[in-house]
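Coordinate analysis (summary)
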Amino acid sequence: MARALRTETVGGLVLLVAAVVALGWANSPWSTSYETVRDFHFGIPALGLDLSVGHWTSDGMLSVFFLVAGIELKRELVVGELRTPASAALPVVAAVCGMAVPAALYAATASAGDGSQAGWAVPMATDIAFALAVLAVLSTHLPAALRAFLLTLAVVDDLGAILIIAVFFTAYLNLPALGGAFAGLVVFYLLQRFRVHGWWWYVPLGVAIWALMYNGGVHATVAGVAMGLVLRTRRDTAAPGRKAEAASPGERTEHLLRPVSAGIAVPLFALFAAGVSITLPMLGEVFTRPEPLGVVLGLVLGKTVGIFVGTYLAARYTRARLNPELTWSDVFALAVLAGIGFTVSLLIGELAFPDPATAEPVKAAVLAGSLIAAALAAVLLKRRDRIYRTLWEAENVDEDADGIPDVYQRDREGAA
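This write-up is about the structure you can find in this document. (Residues numbered from 1 in each chain as written. Predicted model: local features only at pLDDT ≥ 70, side-chain atom pairs only at ≥ 80, totals over all residues. Heavy atoms only, no water.)

**Some details on the overall build of the protein**
The secondary structure content of the protein amounts to 17 helices and two strands. Taken over the C-alpha trace, the protein has a radius of gyration of 23 Å; the compact-globule value for 416 residues is 22 Å, and the two agree within 12%. A principal-axis box enclosing the C-alpha atoms of the protein has dimensions of 80 × 65 × 45 Å. For the protein, with 416 residues in total, the buried portion stands at 49%. Put simply, 76% of the contacts in the protein that link residues at least 6 apart link residues at least 24 apart. Counting only carbon and sulfur atoms, one obtains 68% of the accessible surface of the protein, whose full area is about 19,400 Å². One way to put it: in the protein the 29 positive side-chain charges average out to a point 8 Å from where the 33 negative ones average out. (Helix = DSSP H or I, 4+ residues; strand = E, 2+ residues; numbered from the N terminus. Rg over C-alpha atoms; globule rule 2.2 N^0.38 Å. Buried < 20%, exposed > 50% of the residue type's maximum accessible area, 1.4 Å probe, protein only. Contact = heavy atoms within 4.5 Å. Areas by Shrake-Rupley, 256 points an atom, 1.4 Å probe, with all protein chains shown as cover. Lys, Arg positive; Asp, Glu negative; His and termini not counted. Charge placed at Lys NZ, Arg CZ, Asp CG, Glu CD.)

**Notes on the pattern of salt bridges**
All chains considered together, the criterion is met by 14 salt bridges. Here Arg195 and Asp236 are joined by a salt bridge, their closest N and O atoms 2.8 Å apart. Of the two residues, Arg195 sits in the loop between helix 8 (175–193) and helix 9 (199–215) while Asp236 sits in the loop between helix 10 (221–230) and helix 11 (249–273), which places them 41 residues apart along the sequence. With its nearest N and O atoms 2.9 Å apart, the salt bridge here joins Arg232 to Glu245. Here Arg232, found in the loop between helix 10 and helix 11, pairs with Glu245, found in the loop between helix 10 and helix 11; they are 13 residues apart in sequence, far enough to count as distant. One connected set of salt bridges, linked through shared partners, spans Glu72, Arg75, Glu254 and Arg258. (Salt bridge = Lys/Arg side-chain N within 4 Å of Asp/Glu carboxyl O.)

**Some points on helix 13 (residues 290–317)**
Given 3.6 residues to a turn, an α-helix orients residues that are three or four positions apart in the same direction. Between the first and last C-alpha of helix 13 there are merely 35 Å, a value that for 28 residues lags more than 12% behind the 40 Å anticipated at 1.5 Å per step. Gly298 marks where helix 13 bends most, by close to 40 degrees. (Expected span 1.5 Å × (residues − 1). Bend = angle between axes of the 7 residues up to and from the residue.)

**Side note on the pairing of strand 1 (residues 41–44)**
The pairing of strand 1 with strand 2 (residues 49–52) spans four bridges and is classified as antiparallel. Each bridged residue has a counterpart across the sheet, and for Phe42 the counterpart in strand 2 is Leu51. Taking the residues that link successive antiparallel strands as the turn, the strand 1-strand 2 hairpin has four residues, and the phi of Gly48 there is positive, at about 70 degrees. (Pairing = 2+ DSSP bridges.)

**Observations concerning the packing of aromatic side chains**
Summed over all chains, the structure comprises 14 aromatic pairs. Between Trp56 and Trp210, the aromatic rings sit 5.8 Å apart at their centres with planes inclined by 20 degrees, giving stacked as the arrangement. Remark: Trp210 occurs in helix 9 and Trp56 occurs in helix 4 (residues 53–78); sequence separation between them is 154 residues. Each member of the pair Trp56 and Trp210 is classed as buried. Ring centres of Tyr312 and Trp328 lie 5.5 Å apart, and the angle between their planes is 70 degrees; this geometry places the pair in the edge-to-face category. With Tyr312 in helix 13 and Trp328 in helix 14 (residues 328–337), this residue pair connects regions lying 16 residues apart in the sequence. With a relative accessible area of 29%, Trp328 lands in the partly exposed category. (Phe/Tyr/Trp six-rings, centres within 6.5 Å; stacked < 30°, edge-to-face > 60°.)

**Some thoughts on unusual backbone geometry**
Positive phi, close to 55 degrees, is recorded for Asp114, a residue that is not glycine. Position of Asp114 among the secondary structure elements: in the loop between helix 5 (85–112) and helix 6 (128–138). For Asp114, a relative accessible area of 71% corresponds to the exposed category. A positive phi is found at Phe342, a non-glycine position, where the angle reads about 30 degrees. Along the chain, the position of Phe342 falls in helix 15 (residues 342–352).

Okay, structure coming up:
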């Protein structure tokens, strides 16, 4: 089961099932029980941790997801696509433009309809799990560079979302608690720096950092990203007094926590965040009220325009270059796919609109926008996949059954 949950397809499917269950439960005759479970409080009041089930999943369980995302970002910075400016430029520009344009489009829509500007950040995020799952399901012959571009873009996007949550959605600051969280991160770094091994050091320290961050007034998921960025992702090689590592601490942690993130943390968050009561008046509000309409337009149109145009302009007017394996049609399909906001968009929606009466239409808009983006992207990606499959089949024709594709023999004969 753990091996299956590490695959993008299964993880995305579990997330989708959780969202469907949430919608079914919230719109069933037992909807009152859904609200009762979601709003049930438990914890340790003396430590400031008396939270509802919904808050435990968004502030607690989702921190595991962001810890894994932080490790992915660290790996990209150290050994992946972000390690050199030349390879990082395009996905970073795409991510930044893919956040700025949806926010601007939301602001313009809300302003035109005399609505609230509080939700400007809701359509900025791309859901890594859902987007990669859709790509994995549809991709049989798409170039590997497409997944690498999407992963890098989504990881940078998540970092931007976390920074936005930390800076713009912090109502108050408890400086002593924040100082304790920072001190814990310093200790965490020193343990990594001096190669101290053993989960009994890191698990209690990680929980303490999370609790202090929460009580400090900053959203607790920031603690997950911070610890993920501190973990080493480069393996130690053999040296005097040091053994070679088969896997770095970051790799080991990601290997252990990815099934927990994909199979428990993110689905539980979706279960208690996506439970929106869907009615005809509610659907009407999604496309008539300025706030939810701004979210839908931001995810479906803003993400597409921001990522595609940003990537094109960067490739056109800077030294950054698109991967030779990709075409601009691939980038456009990927830009549409990035409009799947779901997890992080729902989280920001809850923070931006604490009043449930306002939050419900915004949540419905996130679901609607993500569904529209996924459907459009599926059509575009399937078309691109058919084209690449046709090319692959043409390149692998071997009519004389000599083990060498005919296309290479024709090329050789032409050169001769």
